[in-house]
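Reading the structure
Chain by chain, the residues:
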Amino acid sequence: MDNSSSATLERAGSPSGVKGPYTRTEINAATQAEQKGAGPFVEEPNRNFSLLSIIGLAYAILNSWTAMAASLSVALPSGGPTAVIWGIIPSTIGNLAMALSMAEICHVYPTSGGQYHWSAILSPPEHAPIISWITGWFCVAGWWALTATAGSLAGTLITGMISLGHESYEVQRYQIFLIYCGFTLGAMVLNIWGVRLLPLINKAAITWSLAGAATICIVCLACASGNYQSGSFVFGKYINETGWNGGVAWILGLLQSSFGLTAYDAVSHMVEEMPRPHINAPKAMVLAVLIGSSSSFVFLVVLLFCINDVDGVISSSAGALLGAIYQATGSVAGSLCLQVFPVVSMAFAAQGILTGSSRMTHAFARDGGLPFSPFFARVHPGSGVPVNSVILTTVLVIIFGLIYLGSSSALNAILSSSVVFLNVSYSIPVGLLLFRGRHLLTPPSFPAPTMTLGPIFGPICNIVGLAFTALTTVFFVFPPELPVTGNSMNYAIVVFGIIAIVASLTWIFQGRKHFVGPRDLGALLELARTELEPGQLQREDLEMKAPSSGKEE
């Protein structure tokens with residue numbers, strides 16, 4: 001391997017900007033720094049997050065029970081209770097397989113860029129920039145769409161509360177859009193001027209979420225006592241009001257549970273803020289999916305046992321969740337009080353997701369992956385907040401919300417976009433690992449991994465995760481119902497096309513000339529390339545020992 005192919009990134013930790021090749025000593029030093037969460041851009045790593053707190057933060061970002069409950073309107077007409085309850089099973093298996101696959105990679109390469117960093121490391125060197133570019137765009141676009149989901153669901157929940165309290169009220173799309181904008185702008189204000197409050201808010205978020213789930217379950221069970229639905233209804237009732245055939249309708253209903261379990265990659269972007277990130281981040285990713293799926297399963301089973309008219313829930317102008325709570329309690333005031341829990345949870349989620357999304361945007365801009373990257377890579381000198389990235393994310397989310405003004409299926413489009421984009425970004429590094437070989441997780445210069453799926457279970461997880469992602473990616477861009485009109489189509493495919501065009505044009509005019517991949521990986525990326533020619537490190541070591549080599553230590 002010649003020096004021209006390896007001299008693409010600055011030598012890790014070198015203030016003089018000397019390029020590779022890297023020695024074994026430098027590679028080991030960079031590896032140990034990454035495993036401690038002390039990458040090249042981190043001067044004093046923050047250690048505010050223990051394993052328990054990082055699991056809690058991951059759960060708060062997934063916000064699984066709230067997300068699944070608030071999106072009941074997606075699954076009930078598209079499979080009914082069978083899709084709501086049993087749909088959690090394949091979604092959990094698929095997302096857990098993908099989370100395990102990514103956790104194994106994160107254990108070896110704990111870097112803050114997550115999947116787009118891993119794609120650069122696992123790719124053939126000649127293709128690393130373009131593959132990293134594609135992954136980065138899918139990842140950033142997925143987080144932008146995910147940021148939009150909080151305001152979207154909040155708008156639906158709040159207009160539903162007004163509808164339940166005033167029978168003559170008729171929901172208008174622009175009203176949902178205004179609430180959507182309010183939640184998004186509120187999150188922006190907190191992220192720019194209230195950054196000191198964010199740790200306290202994040203701690204309150206998980207407490208509020210768990211307390212809300214328990215309160216709603218207890219109140220609904222108590223109020224509906226003696227008038228529960230049958231087990232055959234909760235676990236066996238199938239409903240299809242979509243116009244699609246039975247199988248397609250049920251798969252479309254998986255959007256609800258898949259949405260509630262996505263974004264577990266959030267912890268991989270926070271490795272610089274936790275102790276032993278190569279251990280704690282992988283554990284948190286997997287446990288977030290397990291905790292989210294199990295708690296959501298219990299909550300949704302309780303909710304379905306307490307409703308008495310599923311058609312009324314589906315058609316309720318108050319929304320499926322509030323309609324179900326109202327049927328259980330029989331009280332307008334009581335139902336509105338209980339609805340406050342998911343509404344406030346969405347406010348917590350809005351600011352938390354915007355924080356993660358803006359950091360991901362900033363990281364990609366720092367690597368030169370966005371148009372006008374130097375501008376969006378700036379950080380406020382006082383607060384350390386990437387203000388320009390926060391504003392960019394906010395503006396794009398509000399533009400995305402304009403779908404509400406022209407489509408009755410806007411919620412489906414926003415949820416679908418977030419799940420599809422993030423799942424594709426997950427699939428690229430996992431696919432590279434599967435097809436290029438597991439030897440990429442055991443480079444000779446690294447310490448032997450202590451968290452590994454093994455040569456059999458590892459590929460099985462990779463295949464299951466990729467198969468689930470491929471299936472859902474195709475179906476989640478389908479329109480939610482037939483016949484399809486301009487009003488009812490799923491605009492996720494339009495968003496997908498716009499992102500693809502912008503990413504392609506940016507690559508043609510900017511990326512292919514200047515983008516070299518993640519700039520903060522240093523020796524880790526160089527090692528991935530060197531390992532393609534196993535003799536390279538040995539040659540470097542011999543040259544380092546030779547008095548006439550002239551190479552610097």
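These remarks concern the structure in this document.

Some remarks on the overall build of the protein
- Assigned secondary structure in the protein consists of 24 helices and 0 strands.
- For the protein, the residues scored as buried account for 59% of the 553 residues in total.
- Taking all contacts inside the protein whose residues are at least 6 apart in sequence as the whole, residues at least 24 apart take part in 81%.
- Total accessible area on the protein is roughly 21200 Å²; 66% of this is exposed by carbon and sulfur atoms.

What to know about the packing of helix α20 (residues 410-436) against helix α21 (residues 457-475)
- At a closest axis distance of 9 Å, the pairing of α20 and α21 adopts a crossing angle of 145°. The chirality of how α20 crosses α21 is left-handed. Contacts from Val 420, Asn 423, Val 424, Ser 427, Val 430, Gly 431, Leu 433 and Leu 434 in α20 reach Pro 459, Asn 462, Ile 463, Leu 466, Thr 469, Thr 472 and Thr 473 in α21.
- Along the lines of polarity and charge, the residues of the contact of α20 with α21 split into 8 nonpolar, 7 polar and no charged.

Thoughts on the nonpolar core
- With 147 residues, the main nonpolar core has Trp 143, Tyr 180, Tyr 264 and Phe 299 as its most contacted residues.
- With 18 residues, the top contributor of residues to this core is helix α9 (residues 128-165).
- Residues contacting Tyr 264, with those up to four places away along its chain left out, are Leu 62, Asn 95, Met 98, Ala 99, Met 102, Met 285, Val 289 and Tyr 426.

Details of the side chain of Asn 490
- One can find Asn 490 in the loop between α21 and α22 (492-514).
- Judged by relative accessible area, Asn 490 falls into the buried class, the value being 2%.
- Side-chain polar atoms of Asn 490 contact the backbone oxygen of Phe 476, separated by 2.9 Å.
- For Asn 490, the side chain forms a polar contact with the main-chain nitrogen of Ala 492, separated by 3.0 Å.

Here's the deal with helix α13 (residues 246-260)
- In terms of residue burial, α13 counts as a mostly covered element, since 12 of its 15 residues are buried.
- Of the positions making up α13, those classed as buried are Val 248, Ala 249, Ile 251, Leu 252, Gly 253, Leu 254, Leu 255, Gln 256, Ser 257, Ser 258, Phe 259 and Gly 260.
- At the N-terminal end of α13, a side-chain oxygen is found 3.2 Å from the backbone nitrogen of Gly 247, two or three residues along, and the residue is Asn 245.

A few points about the side chain of Thr 159
- In this structure, Thr 159 sits in helix α9.
- A distance of 3.2 Å separates the side chain of Thr 159 from the backbone oxygen of Thr 156, its partner in a polar contact.
- Leaving out residues up to four positions away in the same chain, Thr 159 has contacts with Tyr 169, Val 171, Ile 176 and Ile 179.

Regarding the packing of aromatic side chains
- Counting across every chain of the model gives 20 aromatic pairs.
- Taken together through their ring pairs, the aromatic side chains of Tyr 116, Trp 133, Trp 137, Trp 144, Phe 364, Trp 507 and Phe 515 make up a single cluster.

Quick word on unusual backbone geometry
- Put simply, Leu 482 and Pro 483 share a cis peptide bond, and its omega is -5°.
- If you trace the backbone, Pro 483 turns up in the loop between α21 and α22.
- Even without a glycine there, the phi angle at Ala 263 is positive, about 85°.
- Mapping Ala 263 onto the fold places it in the loop between α13 and α14 (277-306).
- Non-glycine residue Phe 372 carries a positive phi angle of around 55°.
- Topologically, Phe 372 is positioned in the loop between α17 (332-366) and α18 (373-376).

Notes on the packing of α13 against α21
- Look at α13 against α21: their axes get within 10 Å of each other, and the N-to-C directions meet at 105°. When the interaxial angle is binned, α13 and α21 end up roughly perpendicular. For the pair α13 and α21, contact is made by Val 248, Ile 251, Leu 252 and Ser 258 and by Phe 468, Leu 471 and Phe 475, respectively.
- Grouping the amino acids of the contact of α13 with α21 by side-chain chemistry returns 6 nonpolar, 1 polar and no charged.

Some details on α14
- Across its 30 residues, α14 extends 42 Å between first and last C-alpha, which sits within 8% of the 44 Å expected from 1.5 Å per residue.
- Counting buried residues along α14, 21 of its 30 residues qualify, which places the element largely inside the surrounding structure.

Examining a nonpolar patch on the surface
- Residues Trp 86, Ile 89, Ile 93, Phe 235, Ile 456, Phe 457, Ile 460 and Val 464 make up a contiguous nonpolar surface patch of about 710 Å² in total accessible area.
- Breaking the nonpolar patch down by element, the ones donating at least two residues are α7 (88-108) and α21.
- With 3 residues, α21 is the largest single contributor of residues to the nonpolar patch.
- By secondary structure assignment, the location of Ile 93 is in helix α7.
- In this structure Ile 93 comes out as partly exposed when scored by relative accessible area, which is 47%.

About the thresholds
- For every chain, the first residue of its written sequence is number 1, and the numbers climb from 1 along that sequence.
- Local features in a predicted model are, by the rule used here, given only for residues with pLDDT of at least 70; side-chain atom pairs are given and counted only at 80 or more, and totals for whole chains, interfaces and linings are based on all residues.
- Excluding hydrogens and water, the side-chain values take into account all heavy atoms of the structure.
- Here a helix means four or more residues in a row that DSSP labels H or I, a strand means two or more in a row labelled E, and each is numbered from the N terminus.
- Each residue is assigned to one of three classes by its accessible area relative to the maximum for its type, calculated with a 1.4 Å probe on protein chains only: buried under 20%, partly exposed between the two thresholds, exposed over 50%.
- Every residue pair with non-hydrogen atoms within 4.5 Å of one another is taken to be in contact.
- Under the convention used here, a 1.4 Å probe and the Shrake-Rupley method define accessible areas, while residue burial counts only the protein chains that appear.
- What counts as an axis is a line fitted to C-alpha atoms, over the stretch in contact for a helix, and the angles between N-to-C directions run from 0 to 180 degrees.
- Crossing handedness: left-handed means the near helix sits turned counterclockwise from the far one by under a right angle, and right-handed means the same turn made clockwise.
- Just so you know the grouping, Ala, Val, Leu, Ile, Met, Phe, Trp, Tyr, Cys and Pro go in nonpolar, Asp, Glu, Lys and Arg go in charged, and all remaining residues, Gly too, go in polar.
- Within this scheme, the nonpolar core is defined by two criteria: the residues are buried Ala, Val, Leu, Ile, Met, Phe, Trp, Tyr or Cys, and they are joined through side-chain atoms within 4.5 Å.
- Polar contact is the term for a pair of N or O atoms within 3.5 Å; when the atoms are in protein, one must be able to donate a hydrogen and the other to accept it, and sequence-neighboring residues count only if both atoms are side-chain atoms.
- Pairing of aromatic rings covers Phe, Tyr and the six-membered ring of Trp, with a centre-to-centre limit of 6.5 Å; geometry is then stacked below 30 degrees between planes, edge-to-face above 60, and tilted otherwise.
- Working definition: roughly parallel below 35 degrees, roughly antiparallel above 145 degrees, roughly perpendicular at 65 to 115 degrees, and oblique for all remaining angles.
- Every helix has an expected span of 1.5 Å times one less than the residues it contains.
- Residues qualify for a patch when their relative accessible area is over 30% and they have no salt bridge, like charges being joined within 9 Å and the nonpolar side chains of Val, Leu, Ile, Met, Phe, Trp and Tyr within 5 Å.
- In the sections that follow, a salt bridge refers to a side-chain nitrogen of Lys or Arg positioned within 4 Å of a carboxyl oxygen of Asp or Glu.

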